[in-house]
Amino acid sequence: IWGQSAGAGSVVAQVLANGRHGQPKLFSKALASSPFWPKTYKFNAPEAEAIYTQLANLTGCASYNHADEILACLKSVDIQKIRDASLIIGASNTWTTSSYTWAPVIDGTFLVETLTETVSMGSLNTEFVWGMYNSHEGENFVPPGLDSAVLFDGFDSSVSSFHRWISSFVPGLSAKQIDEVKSIYYPAEGSTETIDSYNNTYIRAGLVYRDVVLACPAYWIASAATEKGYLGEYTISPATHGSDTIYV
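Since the model is a prediction, treat every value here as computed from it, not as a measurement. (Residues numbered from 1 in each chain as written. Predicted model: local features only at pLDDT ≥ 70, side-chain atom pairs only at ≥ 80, totals over all residues. Heavy atoms only, no water.)

The subject of this paragraph is the packing of helix α2 (residues 46-58) against helix α4 (residues 79-92). Relative to each other, α2 and α4 sit at 135°, their axes nearing to 9 Å. By the angle between their directions, the pair α2 and α4 is classed as oblique. Here α2 and α4 pass one another in a crossing that is right-handed. Contact with α2, carried on its side by I51, Q54, L55 and L58, involves I82, A85, I88, I89 and S92 of α4 and no other residues of that element. Each residue belonging to the contact of α2 with α4 can be placed in one class, and the counts come to seven nonpolar, two polar and no charged. (Axes fitted to C-alpha atoms, helices over the stretch in contact; angles between N-to-C directions. Helix = DSSP H or I, 4+ residues; strand = E, 2+ residues; numbered from the N terminus. Parallel < 35°, antiparallel > 145°, perpendicular 65-115°, else oblique. Left-handed = near helix turned anticlockwise from the far one by under 90°. Contact = heavy atoms within 4.5 Å. Nonpolar A, V, L, I, M, F, W, Y, C, P; charged D, E, K, R; others polar.)

Quick look at the structure:
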């Protein structure tokens, strides 16, 4: 099974379920190019419930008293209402941890635990796994204003804008942990395994996003293969999200 971006996120989901917790064994090999795998919440976590409630409100289904009635309403409502509501919800969560809102949740049946929990337990059931990420692909998903000297869409290239973005993107971290992220792991001036040097807020934020959502998921599933795992980094300029697909 192979996928790219959200498709590679689907590969991650299939790998997490494949031959585990009562799910059938379907795949022995999995390839994931830039697996889009943001933080996964339980289906009834406050973050997931808030989005569901917003959807119910925007489609007029929240007026029902019982959960079963609300769900039945959502299943029967005109599809255009769902589309319109989705656009509003997506726009209201732009540049936060909930960007690209409609992601998998831990439902207790298909997905039983998070990717990092599965990897730490060494319980993956896929023999060969190949993961790939691109050097600059995180820049596709951070505020473009972080690359601007003047305010654009609420952000600019200042240190304060970077702090505001990262505090929203990883709200589960304490102030001390965020300071460590900014000073130790992603300093204002630094380098990476393939970027000789950077001193740009936009690139810096892109690296944070890339590693959290795209690169680390590729690394984690590759490292947990039962036989062999392979990890690649695509560096051919511009090495942004999707750049590697022409070679695939």
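Next comes the rest of the description.
Next up on the list: the pairing of strand β2 (residues 29-33). It is a general feature of regular strands that their side chains alternate between the two faces of the sheet. Bridge count for strand β1 (residues 2-4) against β2 is three bridges, and the pairing is parallel. By the bridge assignment, W2 is partnered in β2 with L31. Viewed along the sheet, the connection from β1 through helix α1 (residues 6-17) into β2 turns out right-handed. As judged from the five bridges shared by β2 and strand β5 (residues 128-134), these two strands associate in the parallel manner. Its bridge partner being in β5, K29 is matched across the sheet by F128. (Pairing = 2+ DSSP bridges. Right-handed = clockwise from strand over helix to strand, strands pointing away.)

So, on to the pattern of salt bridges. In the structure shown here, the tally under the stated rule is seven salt bridges. For the salt bridge of D179 with K182, the shortest nitrogen-to-oxygen distance reads 3.9 Å. Remark: K182 and D179 occur in helix α7 (residues 175-185); sequence separation between them is three residues, near one turn of the helix. E193 serves as the salt-bridge partner of R210, at 3.4 Å between the closest nitrogen and oxygen. Of this pair, R210 sits in helix α8 (residues 201-223) while E193 is found in the loop between α7 and α8, placing the two residues 17 residues apart along the sequence. One network of salt bridges, in which partners are shared, links E193, R210, D211 and E233. (Salt bridge = Lys/Arg side-chain N within 4 Å of Asp/Glu carboxyl O.)

Strand order in this open sheet of four strands is β1-β2-β5-β6, and the pairing throughout is parallel. Among the strands making up the open sheet, the edge pair consists of β1 and β6 (228-234). For this sheet, the mean inter-axis angle between neighbouring strands, taken without regard to orientation, is 10°. Sitting on the sheet, α1 touches β1 and β2, and the angle it makes with β1 is about 135°. Relative to the sheet, α8 contacts β2, β5 and β6, its axis offset from that of β5 by approximately 160°.

Further remarks concern the nonpolar core. Among the nonpolar cores identified, the biggest contains 24 residues, and V142, L146, W165, I166, F169, V208 and Y209 are the most heavily contacted of them. Counting only elements with at least two residues in this core, the list comes to α6 (159-169), α7 and α8. The element contributing the most residues to this core is α8, with eight residues. Ignoring anything within four residues of it in the chain, the contact list for W165 reads W95, V142, P143, L146, F155, A205, V208 and Y209. By size, the runner-up hydrophobic cluster in this structure holds 18 residues, among which are V12, V15, L115 and L124. (Core = buried A, V, L, I, M, F, W, Y, C linked by side-chain atoms within 4.5 Å. Buried < 20%, exposed > 50% of the residue type's maximum accessible area, 1.4 Å probe, protein only.)

A word on the state of the cysteines. Enumeration according to the criterion identifies one disulfide in this entry. Here C61 pairs with C73 through a disulfide, and the sulfurs are 2.0 Å apart. Here C61 and C73 share a disulfide; its torsion about the S-S bond, -75°, makes the bridge left-handed. You can see C61 sitting in the loop between α2 and α3 (67-76) and its partner C73 sitting in helix α3, a full twelve residues away along the chain. (Disulfide = S-S within 2.5 Å.)

Estimated volume of the largest pocket: approximately 460 Å³. K39, F169, V170, L173 and V212 are the residues nearest the centre of the largest pocket, which is lined by 20 residues in total. At the level of secondary structure, the elements contributing two or more residues to the lining of the largest pocket comprise α6 and α8. With five residues, α8 is the single largest residue contributor to the lining of the largest pocket. (1 Å grid on protein atoms, 1.4 Å probe; cavity = no way out; pocket = protein on both sides within 12 Å on 5 of 7 lines; lining within 4 Å. Points joined across faces, edges and corners; volume = space filled by probe spheres on them.)

Next up on the list: unusual backbone geometry. A cis amide bond links S237 with the next residue in sequence, P238, at an omega value of 5°. Mapping P238 onto the fold places it in the segment after β6. Residue S34 is not a glycine yet carries a positive backbone phi of 55°. With respect to the helices, strands and loops of the structure, S34 is situated in the loop between β2 and β3 (41-42). Unusually for a residue other than glycine, D153 sits at a positive phi of about 55°.

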